Amino acid sequence: MPELPIPSVGQLVFAAVALFTAISGLIVVASPNLFHNALALVATLFGVAGLYILLEAEFLAVSQVLVYVGAIATLITFAIMLTRSMMYGRTSPVNRQWGKAAIFAVLFFAVLLGFVQGIPWVSNMAELPSSQETIVALGMEFVTTYVVAFEVLGLLLLVALVGAVMLARDN
Amino acid sequence: MIPLNWYLMVAGFLFACGLYGALARRNAIAILMGVELMLNAANINLVAFWRYSDTFADMSGQVFALMVIALAAAEAAVGLALIISVYRKRKTINVEELDALAG
C-alpha cells in the first residue's frame, strides 16, 4: 500500500479472517502431526467460508461449510484414523526434496505477489441486488446456461461414489 | 472498502502453502490436504473476481466455484478410497515406498 489510511471496520474484519485463514493454512502443511493438519484444515475451510461471506456469496459459504467441513474433513479424519499405525514418530513427515519444495513455494508466492501488486485492479465493489435475487440468479444459471455441465457433474458424482465404494470394499 | 488484490494475496498464500504440502509431504493424506488447499485458493480467486466485476448479473464465477467444490468432493472420496485400499495391501501410505511402477 502506498499510504496507510485509517482502516475501516470491514478492512479490520477482512484482516482478521485473512490472518486466521493464512495461519491455519500454514499449519496444515507445516505441522508434523497428521491429526493437527486435519484440524487446521477444518479451520482453514471455515476461514475461506468467512471470506466468501465478506464477498457476499452467502450460498457458496454455506456450501463450503456443508461440503468441505461437513463431508471432506470428516472423510479425511476417518482415513487418518483407519491408516495410522506406523506413520507416527518413526519417519520424518517430509521427503528429501522438502527444502527445494519450500524454496519453490516461496518463490512462487513472491512471483504471484509481484504480479498482483503490479496490476491496477478495480477497487470499487458495485452494489449487489439482494442476496435472495443472487441465489435465484445462481439457480437459473445452473438450469439454463450450464445445464449440460450440471448434469455431467451429477453423473461424475455418481460414478465417483460407486468407484469409491468399489475401491474401499474389503474383499 | 477492501481492495481486490488483498483477496488475491490471501489466495496466493494458500496456494503456495498447498503447493509445498503436495510437493514435500510423504503421507498421501497430507498430499491430498495440500491439493484441497490449492482448490480453495482457486475458488477464492473465482469468487473475488466475480464480486469485483461489472457484470456480476451473470453468476459464472459462483457457478464455477460450486463446480470446483463438487469436483473436490468427488476427488476426496476417490482419493481416500484409493489410499485405504493401498494401505490394506501394502500396510503403508508413505508415497516414497509405493514404487511398484518405478523403473
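Computed from a predicted model, the values in this text were never measured in an experiment.

> Please explain the overall build of chain A as it appears in this structure.
Counting its secondary structure elements, chain A contains 6 helices and 0 strands. Order of helices (α) and strands (β) in chain A, N terminus to C terminus: α-α-α-α-α-α. What you see for chain A is a C-alpha radius of gyration of 21 Å, clearly larger than the 16 Å of a compact globule of 171 residues, by over 25%. When its C-alpha atoms are laid out on the principal axes, chain A stretches across 55 × 45 × 25 Å. Expressed as a percentage of the 171 residues in chain A, the buried residues total 23%. The contacts of chain A with a sequence gap of at least 6 include a subset with a gap of at least 24, amounting to 53%.

> Looking at this structure, I do not really get the overall build of chain B. What am I missing?
Along chain B, the regular secondary structure elements total 3 helices and 0 strands. Going from the N terminus to the C terminus, chain B shows its helices and strands as α-α-α. Its C-alpha atoms give chain B principal-axis dimensions of about 55 × 25 × 25 Å. Residues classed as buried in chain B amount to 57% of the 103 residues present. Long-range pairs, those at least 24 residues apart, make up 47% of the contacts in chain B with a sequence separation of at least 6.

> Explain the confidence of the model for chain B here, please?
Note that predicted coordinates carrying low pLDDT should not be read in detail. Across chain B, the average pLDDT comes to 89, with 98% of residues at 70 or higher. Predicted as a complex, the structure gets a pTM of 0.89 and an ipTM equal to 0.91.

> How do you make sense of the interface of chain B and chain A when you look at a structure like this?
One widely used convention gives an interface's size as the accessible area the parts lose upon coming together. Contacts between the two partners involve 62 residues from chain B and, on the opposite side, 71 residues from chain A. Secondary-structure elements contributing two or more residues to the side of chain B that touches chain A are helix H1 (4–24), helix H2 (28–52) and helix H3 (60–90) of chain B. Residue contributions to the side of chain B that touches chain A peak at 20 residues, all from H3 of chain B. Of the residues belonging to the side of chain B that touches chain A, the class tally is 47 nonpolar, 9 polar and 6 charged.

> Which parts of the structure should I look at to understand the environment of Val10 of chain B?
Residue and element names in this part refer to chain B. Looking at the secondary structure, you find Val10 in helix H1. Judged by local crowding, Val10 falls into the buried class, with 24 C-beta atoms found within 10 Å. Considered as a pair, Val10 and Asn45 are 35 residues apart in the sequence and their alpha carbons are 9.3 Å apart.

> What's the story with unusual backbone geometry in this structure? I'm lost.
Where the residue is not glycine, phi is negative for most of them; where a peptide bond is considered, it is trans in most cases. One non-glycine residue with positive phi stands out, namely Glu56 of chain A, at about 60°. For Glu56 of chain A, the position within the fold is in the loop between helix H2 (34–54) and helix H3 (58–83). In this structure, Lys91 of chain B is a non-glycine residue whose phi angle is positive, near 60°. Among the residues examined, Lys91 of chain B registers 11 C-beta atoms within 10 Å and is labelled exposed.

> What should I look at first to understand the nonpolar core in this one?
Among soluble globular proteins, nonpolar side chains are generally buried collectively. Of all hydrophobic cores here, the largest spans 70 residues; its most connected members are Tyr52 and Ile76 of chain A together with Ile29, Ile44 and Val47 of chain B. Secondary-structure elements contributing two or more residues to this core are helix H1 (9–30), H2, H3, helix H4 (98–118) and helix H6 (147–168) of chain A together with H1, H2 and H3 of chain B. Apart from residues no more than four positions distant in its own chain, Ile44 of chain B is found in contact with Val48 and Leu51 of chain A together with Tyr7, Val10 and Ala11 of chain B.

Parameters at a glance
- Just so you know, the residues in each chain are numbered from 1, in the order the chain's sequence is written.
- Chains and ligands are labelled by the order in which they are written, letters from A for the one and numbers from 1 for the other.
- Two thresholds apply to this predicted model, a pLDDT of at least 70 for residue-level local features and 80 or more for giving and counting side-chain atom pairs, whereas whole-chain, interface and lining totals are computed over all residues.
- Secondary structure elements follow DSSP: runs of H or I no shorter than four residues count as helices, runs of E no shorter than two count as strands, and numbering proceeds from the N terminus.
- With the radius of gyration taken over C-alpha atoms, the globule rule is written as 2.2 Å times the number of residues to the power 0.38.
- Burial is judged by counting other C-beta atoms within 10 Å of a residue's own C-beta: 20 or more means buried, 12 or fewer means exposed, and anything between counts as partly exposed, with every C-beta placed from the backbone.
- It is the C-beta atoms, placed from the backbone, that decide contacts: two residues are in contact if theirs lie within 7 Å.
- Per-residue confidence from the predictor is given as pLDDT, running between 0 and 100.
- The classification used treats Ala, Val, Leu, Ile, Met, Phe, Trp, Tyr, Cys and Pro as nonpolar, Asp, Glu, Lys and Arg as charged, and all other residues, Gly among them, as polar.
- For our purposes the nonpolar core covers buried Ala, Val, Leu, Ile, Met, Phe, Trp, Tyr and Cys residues that link as a set through C-beta atoms within 7 Å.

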